[in-house]
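Overview (structure and organization)
For reference, the chains in residue letters:
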Amino acid sequence: MTTTQRSALMLLVLAVVPAGRLLAQDDDCRCRHTSQDLRPVTDDAHRYPQGWASFAFGGGSESFRYNGSDQFYSTAVTAPVFSGSIGSRLSPLIDVGVEGYGWVNGEQNGTVTLGGFQAIARLHPLGRWMYVKGGAGLATTNYWDPYYCGCSGGPTYFGFAYSVGGGLELPMGRSVALVPQVDMFFQKYSGRTFPSYTERILHVGLGLSFSFRT
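Here the structure is a predicted model, which is why all the values come from computation and not from measurement.

Glancing now at the overall build of the protein chain. For the protein chain, the count of helices and strands is 2 helices and 9 strands. Secondary structure elements of the protein chain occur, N-terminal to C-terminal, as α-β-β-β-β-β-α-β-β-β-β. The 214 residues of the protein chain split such that 30% are buried. Partitioning the contacts of the protein chain with sequence separation of at least 6, the portion at a separation of at least 24 is 58%. In the form shown here, the protein chain has an accessible surface area of approximately 13,400 Å², with 66% of it arising from carbon and sulfur atoms.

Turning our eyes to something else, we now look at the pattern of salt bridges. By the definition in use, this model includes 6 salt bridges. Notably, a salt bridge pairs Asp95 with Arg89, separated by 3.8 Å at the nearest N-O pair. Considered together, Asp95 and Arg89 belong to a single accessibility category, that of buried residues. The partner of Arg89 in a salt bridge is Glu169, and the shortest N-O contact between them spans 3.3 Å. Here the residue Arg89 occupies a position in strand S2 (residues 77-89), and Glu169 occupies one in the loop between strand S6 (156-168) and strand S7 (170-171), the gap between them amounting to 80 residues. Residue classification places Arg89 among the buried positions, given a relative accessible area of 6%. It is possible to trace a salt-bridge network through shared partners that takes in Arg89, Asp95, Arg122 and Glu169.

On the surface, Leu90, Leu93, Ile94, Val96, Leu123 and Val132 cluster together into a nonpolar patch covering about 440 Å² of accessible area. Within the element layout of this structure, Leu90 appears in the loop between S2 and strand S3 (94-107). Residue classification places Leu90 among the partly exposed positions, given a relative accessible area of 48%.

Rules behind the numbers
- Residues numbered from 1 in each chain as written.
- Predicted model: local features only at pLDDT ≥ 70, side-chain atom pairs only at ≥ 80, totals over all residues.
- Heavy atoms only, no water.
- Helix = DSSP H or I, 4+ residues; strand = E, 2+ residues; numbered from the N terminus.
- Buried < 20%, exposed > 50% of the residue type's maximum accessible area, 1.4 Å probe, protein only.
- Contact = heavy atoms within 4.5 Å.
- Areas by Shrake-Rupley, 256 points an atom, 1.4 Å probe, with all protein chains shown as cover.
- Salt bridge = Lys/Arg side-chain N within 4 Å of Asp/Glu carboxyl O.
- Patch = residues over 30% accessible without salt bridge, like charges linked within 9 Å, V, L, I, M, F, W, Y side chains within 5 Å.

Take it as geometry only, folks, not as evidence of what the structure does.
Structure below.
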């Protein structure tokens, strides 16, 4: 082997060895990046349980009838209804929580207030965008008549409340939804000084629902 050939061989070795080292380092980096890139990505929107809260305002059509009679419900009276609820989304299908609502009618001689506080469950049979609801709990009613009793407030009575309803959850962002909803609230009262009767309120309203991590 001539001197020229030996020199060329040495130059080839000096060029190949560093290149091999660079290729090995590049493969190692690719493996590390690939293993990191393949790690599962978590999406908070699909992790449970989740918290939720909603607030709604609308109109409520109230009527009543005495229990144990064939009487139809009285002529309906419409007044504002406020409602709010908070709870937990246990799965894509089931929500549980608590709800409060109030119907307030300012009359010429006083103010009638109907309210309720109840435990509720919501089912999403067709996905998150739609729900049906049921609940039961405590009902309250109050009639304030300052001209009659000359006082700052009237008596408050307590009864049994239950409700059914449904609504649509129309997304406005990652954690906010616009909620058109319909509820039927029932309230049963009985006492020694008045005959037992049932109130019902048909509520049609619009609300906002918020989701958050628990």
